[in-house]
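Chain and residue survey
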Amino acid sequence: MTADSQNHNDPMVFGWLSRLQPLFAMLLQGILTLLAVSLLIFLAARALPGDVANMILGQSATPEQLVSLRSDLGLDQPLWWQYLSWLGGILRGDWGVSLANGQPVADILALAVRNSAALSGVALAVMLPLSVLLGVLAAQFRDGFMDKLFLGMSMIANAVPDFVTGTVLVALFATTVLHVLPAVSFIPPGGSPFSYPIALVLPASTVIIPGVMYLSRLVRVAVIDVMATEYIQTAILKGLSPSRILFRHALPNAVAPIIPAASMVAAFTVGGVVVVEYLFAYPGVGSALVDAVTNRDLPVIQANVLVIASAYFILNLVADALARRNGAPDRQRRLSA
């Protein structure tokens, strides 16, 4: 390699490093955050009231039996040892065993994560295109009656907690009002949620409604801003059709800033699915977490919360990366006549 080619490649290498440095910094920060979250999860689980050994053996257990079980579970060891042992097991792929039923936590977690991923995936698959459609329509009828009605409904939907939204949906569609959908999302153990699509309707709708109302407002504002730019006005003066201006030139530039927000909504969806699953008795991570807290099943509690925190962190990382990539959307696209 000649000196000239090496000097030519050096700026490229430094350019790539400068681009990757923020990503590495976010990744390191996220790993440290997850370690801190794992410690808080561990301490919070240990702070729950009640004695695990007593709950497993019952009130008739003798003191010798309780001492023996605590020793078998490692509960007689110092907290720092218990934490490092648990964290080391996770890093090795050993999530432990449920204290309630003796099943491997990994098996319980795999089934719950699959069901929650199905619910979140269906919600996002409906939420994203519907948000774009409503946002574009609201921008096209800006300041009209439908636009004002849309803005008012979106503010109400985003101000109402998911628990209230789900309760209203149950009252409308699962009681004597209409009674067309089940109030409880029953899925047999081991069954696929897609084999029971009717069980997904109400919990998915509870997640979709606030997400659509939030994202569609962002799409509306972005479309209005793009339609006011000079290059869109130039396209209008060139006589391009409104549909071509909207779908080929305006919409791609309007959607680009919304992508990071969509990733954030996905993160909030994962974090808020606990309430929705509990409300509809949907067998996902949220329901597994509530059941584990009720039974004081420490390994399952710690595993579920860690999975939720990890998913939230990954989606936030994606949102930050997309925000950096799309921070300056290309608004100088050439217009062909």
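About the cut-offs
- Residues numbered from 1 in each chain as written.
- Predicted model: local features only at pLDDT ≥ 70, side-chain atom pairs only at ≥ 80, totals over all residues.
- Heavy atoms only, no water.
- Helix = DSSP H or I, 4+ residues; strand = E, 2+ residues; numbered from the N terminus.
- Buried < 20%, exposed > 50% of the residue type's maximum accessible area, 1.4 Å probe, protein only.
- Contact = heavy atoms within 4.5 Å.
- Areas by Shrake-Rupley, 256 points an atom, 1.4 Å probe, with all protein chains shown as cover.
- Phe/Tyr/Trp six-rings, centres within 6.5 Å; stacked < 30°, edge-to-face > 60°.
- Expected span 1.5 Å × (residues − 1).
- Bend = angle between axes of the 7 residues up to and from the residue.
- Patch = residues over 30% accessible without salt bridge, like charges linked within 9 Å, V, L, I, M, F, W, Y side chains within 5 Å.
- Salt bridge = Lys/Arg side-chain N within 4 Å of Asp/Glu carboxyl O.
- Axes fitted to C-alpha atoms, helices over the stretch in contact; angles between N-to-C directions.
- Left-handed = near helix turned anticlockwise from the far one by under 90°.
- Nonpolar A, V, L, I, M, F, W, Y, C, P; charged D, E, K, R; others polar.

With that out of the way, let us pick up the overall build of the chain. Counting secondary structure elements, the chain contains 13 helices and zero strands. For the chain, the α and β elements follow one another from N to C terminus as α-α-α-α-α-α-α-α-α-α-α-α-α. Burial statistics for the chain: of 337 residues in total, 38% are counted as buried. Pairs at least 24 residues apart make up 74% of the contacts formed inside the chain by residues separated by at least 6 positions. When the accessible surface of the chain is totalled, it reaches about 18700 Å², and 68% of it is carbon and sulfur.

Taken as a whole and assessed by the stated rule, the structure comprises four aromatic pairs. Measuring from centroid to centroid gives 5.6 Å for Phe42 and Tyr83, while their planes differ by 65 degrees, and the two rings are edge-to-face. Note that Phe42 is positioned in helix 1 (residues 3-46) and Tyr83 in helix 4 (residues 79-91), a separation of 41 residues in sequence. For the ring pair Tyr83 and Trp86, a centre distance of 6.2 Å and an interplane angle of 50 degrees mean the geometry is tilted. Taken as a pair, Tyr83 and Trp86 lie in helix 4 at a separation of three residues, close to a single helical turn.

Turning our eyes to something else, we now look at helix 4. With 13 residues, helix 4 ought to run about 18 Å at 1.5 Å a step, and its terminal C-alpha atoms sit 18 Å apart, in line with that. Among the residues of helix 4, Gln82, Tyr83, Trp86, Leu87, Gly88, Gly89 and Ile90 are the ones counted as buried. Gly93 occupies a position one or two residues after helix 4 and carries a positive phi of about 90 degrees.

This brings us to the side chain of Thr165. Inspection of the secondary structure puts Thr165 in helix 7 (residues 162-173). Looking at Thr165, the relative accessible area reads 12%, which means it is buried. In this structure Thr165 touches Val160, Thr206 and Ile209, once residues within four positions along its chain are discounted.

The next subject is helix 11 (residues 258-280). Maximum bend of helix 11: about 45 degrees, positioned at Gly272. Directly beyond the C-terminal end of helix 11, a positive phi value near 55 degrees is found at Ala281.

Turning our attention to a nonpolar patch on the surface. A contiguous nonpolar patch, built from Phe163, Val164, Val168, Leu172, Val177, Leu178, Val180 and Val275 and spanning about 670 Å² of accessible area, is present on the exposed surface. Here the nonpolar patch takes four residues from helix 7, the largest share from any one element. The topology assignment puts Val275 in helix 11.

Running from N to C, helix 8 (residues 198-227) and helix 10 (residues 242-255) cross one another at 120 degrees; their axes reach a closest spacing of 9 Å. Our pair here, helix 8 against helix 10, has a crossing hand that is right-handed. The residues of helix 10 that touch helix 8, namely those facing Ala222, Val223, Val226 and Met227, are Ile245, Leu246, Ala250, Leu251, Asn253 and Ala254. Partitioned by chemical class, the residues of the contact of helix 8 with helix 10 number nine nonpolar, one polar and no charged.

Moving on, we come to unusual backbone geometry. Its identity as a non-glycine residue notwithstanding, His179 has a phi of 55 degrees, on the positive side. As for its placement among the helices and strands, His179 is situated in the loop between helix 7 and helix 8. Its identity is not glycine, yet Arg296 carries a phi of approximately 50 degrees, on the positive side. Secondary-structure assignment places Arg296 in the loop between helix 12 (285-295) and helix 13 (298-325). Arg296 gets classed as buried once you look at its relative accessible area, which sits at 6%.

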